[in-house]
Amino acid sequence: EDSCALTSTNELVKENLSIYPNPTNRQITIETILQEEEDYTLSILNIFGEIIINEEINFKKNYQKIFNLNKSAKGVYIVKLKSNKSTIYKKVILQ
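Residues numbered from 1 in each chain as written. Predicted model: local features only at pLDDT ≥ 70, side-chain atom pairs only at ≥ 80, totals over all residues. Heavy atoms only, no water.

**Overview of the sheet that holds strand β6 (residues 62-68)**
Part 1: Across the sheet, which stays open at both edges, the three strands sit in the order β2-β3-β6 with antiparallel pairing between neighbours. Strands with a single pairing partner mark the edges of an open sheet, and in this sheet they are β2 (17-20) and β6. On average, adjacent strands in this sheet sit at an angle of 15° to one another, irrespective of strand direction.
Part 2: Here seven bridges tie strand β3 (residues 27-33) to β6, and the two strands are oriented antiparallel to one another. What sits directly across from isoleucine 28, in β6, is phenylalanine 67. (Pairing = 2+ DSSP bridges. Helix = DSSP H or I, 4+ residues; strand = E, 2+ residues; numbered from the N terminus. Axes fitted to C-alpha atoms, helices over the stretch in contact; angles between N-to-C directions.)

Encoded structure:
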């Protein structure tokens, strides 16, 4: 798991944001344990900052979802988990 940037004003950094497999050939599983009772936005962005997947997450303590990237070009992508208080970024490599 590579972190490319991280900003936080609360306990969001303690929320395990797991992305696997990474690198991947076409699909990734994203898991997180959310500590704060608030809404989150999960986005997957390409290297140009364009959003290719965007999902609103109403508070669920345990979140897990499989995302299919087979229509996306090979390269580096950023997974962004954002709340009102903080944002986490993680890098994903599509081979």
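**Some points on the pairing of strand β8 (residues 87-94)**
Part 1: Here strand β7 (residues 75-82) pairs with β8 via eight bridges, running antiparallel. Bridge pairing in β8 places lysine 82 opposite threonine 87.

**Some remarks on a nonpolar patch on the surface**
Part 1: Together, Ile47, Phe48, Val76 and Ile93 line one region of the surface with nonpolar side chains, adding up to about 400 Å² of accessible area.
Part 2: Position of isoleucine 93 among the secondary structure elements: in strand β8. (Patch = residues over 30% accessible without salt bridge, like charges linked within 9 Å, V, L, I, M, F, W, Y side chains within 5 Å. Areas by Shrake-Rupley, 256 points an atom, 1.4 Å probe, with all protein chains shown as cover. Salt bridge = Lys/Arg side-chain N within 4 Å of Asp/Glu carboxyl O.)

**Some points on the environment of glutamine 95**
Part 1: In this structure, glutamine 95 sits in the segment after β8.
Part 2: Glutamine 95 sits 69 residues away from arginine 26 along the chain, and the two C-alpha atoms are 7.8 Å apart.
Part 3: Among residues more than four places away in sequence, those in contact with glutamine 95 are Pro23, Thr24, Asn25 and Lys74. (Contact = heavy atoms within 4.5 Å.)

**Focus: the pattern of salt bridges**
Part 1: On inspection of all chains with the given rule, the structure shows one salt bridge.
Part 2: Of the charged contacts in the structure, one is a salt bridge between glutamate 55 and lysine 65, with a shortest N-O distance of 2.6 Å. Here glutamate 55, found in strand β5 (residues 51-57), pairs with lysine 65, found in strand β6; they are 10 residues apart in sequence, far enough to count as distant.

**Thoughts on unusual backbone geometry**
Part 1: Cis rather than trans, the peptide bond between tyrosine 20 and proline 21 has omega equal to -15°.
Part 2: Looking at the secondary structure, you find proline 21 in the loop between β2 and β3.
Part 3: Geometrically, the link from asparagine 22 to proline 23 is a cis peptide bond, its omega value of 10° lying close to zero.

Distances and angles like these do not, on their own, reveal function.
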